[in-house]
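Next come the chains, spelled out residue by residue.
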Amino acid sequence: MTVIRGATTIPFDDQEEIKKAVKELLEQIESRNDLKRDEFVSIVFSLTNDIHSYYPAKAAREAGFESCALFSAQEPDIEGGLALCIRVMVFVEANFTPIHVYLRGARVLRKDLARMNIAIDGPSGSGKSTVAEELAKEFGIIHLDTGAMYRACALKVLESGIDLENETKIYDLLLKVKLDVDYLGGVQHTYLDGVDVSEAIRRPPVSMAASKVSQYRSIRYHLTEKQREIAGKKSCVMDGRDVGTFVLPDANFKFFLTAKPEVRARRRFEELKAKGYDVDYDKILEELIKRDEQDSTRAVAPLKKADDAVEIDTSDLKIEEVLEKIKKIIREKI
Ligand code: DC
């Protein structure tokens, strides 16, 4: 008899997420240990106290692991324990050295793997935020959109009426502001002094101002410190312009997404139009080219591909195709 251990996490307490996570965990245990279904004697799950929507044992049966004994139990609520976590012990009718499987956020339970940080950089409209959000869901880790932090700073500056050219005044203002990010249902929300500005920072005038504010060394260092602090505590997918080169040069995975300016402008145009903004494609294209130039030529941490980043041109790819490419690269290594 051999016992294989494993664990995974879900992004939020939901039946479908539990079914998906359990199926993935058992299939990974099966394939990595080269098992046959009839070798499974028993599967025992434990789940943290914040999961109530479904029995993992039932999810296992539905995933086709029905011919062995299945059991699930809830763990006590331990402060500081990993949240939304499903653990498993698989008893197998064979003697071999087991390969234990820790997926998604549960990778942190493996001291040898510690945290997983994924850096995704690229210009505006390259698809990095959407890809980062989906990847974070997939691996059960957080998504930090660093652009949202620069945008929040820019919004504050615009609201205060301070001249965008005045770095000293801007820095003084930002030192007095409480900038936080939090996650609701797995989605990042950005707060300025406790007020949720997640929508306001997407307004078109904020984009150009964010690009301007992000040129200043003092602002960049201030935000980079916050970003490193977040990544130091939790596994995350971080997207931005300088994550792979400057914020997290030791990230486990680095990707650089690009696309033709016309394609990126079209995406931005559709996105803003869908939100009800009165937008002009040519103006968006013009601003995007100007922003690219500003972001890639600034002195501190410019938009640049890290030498060890995988570059993907998304011009002719659907978002699912980009995701598949990235997931394949990650899965091959974990
Ligand atoms: O990704 P975005 O469009 O939300 O970013 C807004 C601006 O913030 C972008 O033009 C440049 C700046 N930015 C940056 O300089 N470094 C980052 N890591 C993220 C964004």
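Note that the structure is predicted; figures quoted are calculated from it, not measured.

Undergrad: Got a minute to help me understand the site of the ligand in this structure?
TA: Near the ligand there are 16 residues, and of these Arg151, Arg220, Arg241, Arg291 and Arg298 occur at the shortest range. Interatomic distance of 2.8 Å between a side-chain N/O atom of Arg241 and an oxygen atom of the ligand. Here an oxygen atom of the ligand sits 2.8 Å away from a polar atom, N or O, in the side chain of Asp295. Notes on the ligand: free accessible area 450 Å², of which the protein chains cover 97%. At four residues, the largest contribution of residues to the shell around the ligand is made by helix α4 (residues 146-160). The residue inventory of the shell around the ligand, partitioned by class, reads two nonpolar, five polar and nine charged.

Undergrad: Sorry if this is basic, but what is going on with the pairing of strand β12 (residues 253-258) here?
TA: Two faces, one strand: in a regular strand the side chains alternate between the faces of the sheet. Counting buried residues along β12, six of its six residues qualify, which places the element largely inside the surrounding structure. Residues Phe253, Phe255 and Leu257 line one face of β12 and the alternating positions Lys254, Phe256 and Thr258 line the opposite face, and both faces are buried. Of the strand pairs in this sheet, β12 and strand β13 (residues 310-313) are connected by four bridges, and their pairing is parallel. Directly across from Leu257, in β13, lies its bridge partner Ile312.

Undergrad: Honestly, the pattern of salt bridges in this entry has me stumped. Any pointers?
TA: Note on pairing: side chains with opposite charge can pair once their charged atoms come close. The tally for this structure, following the rule as stated, stands at 24 salt bridges. The salt bridge involving Arg241 is made with Asp295; its shortest N-O contact spans 3.4 Å. Of the two residues, Arg241 sits in the loop between β11 (236-240) and α8 (243-247) while Asp295 sits in helix α10 (residues 281-297), which places them 54 residues apart along the sequence. Residue classification places Arg241 among the buried residues on the basis of a relative accessible area of 14%. Shared partners join several salt bridges into a network, and the residues in it are Glu24, Arg104, Glu138, Glu324, Lys327 and Arg331.

Basis of the calculations
- Residues numbered from 1 in each chain as written.
- Predicted model: local features only at pLDDT ≥ 70, side-chain atom pairs only at ≥ 80, totals over all residues.
- Heavy atoms only, no water.
- Near = heavy atom within 4 Å.
- Polar contact = N/O pair within 3.5 Å; in protein donor to acceptor, adjacent residues only side chain to side chain.
- Areas by Shrake-Rupley, 256 points an atom, 1.4 Å probe, with all protein chains shown as cover.
- Helix = DSSP H or I, 4+ residues; strand = E, 2+ residues; numbered from the N terminus.
- Nonpolar A, V, L, I, M, F, W, Y, C, P; charged D, E, K, R; others polar.
- Buried < 20%, exposed > 50% of the residue type's maximum accessible area, 1.4 Å probe, protein only.
- Pairing = 2+ DSSP bridges.
- Salt bridge = Lys/Arg side-chain N within 4 Å of Asp/Glu carboxyl O.

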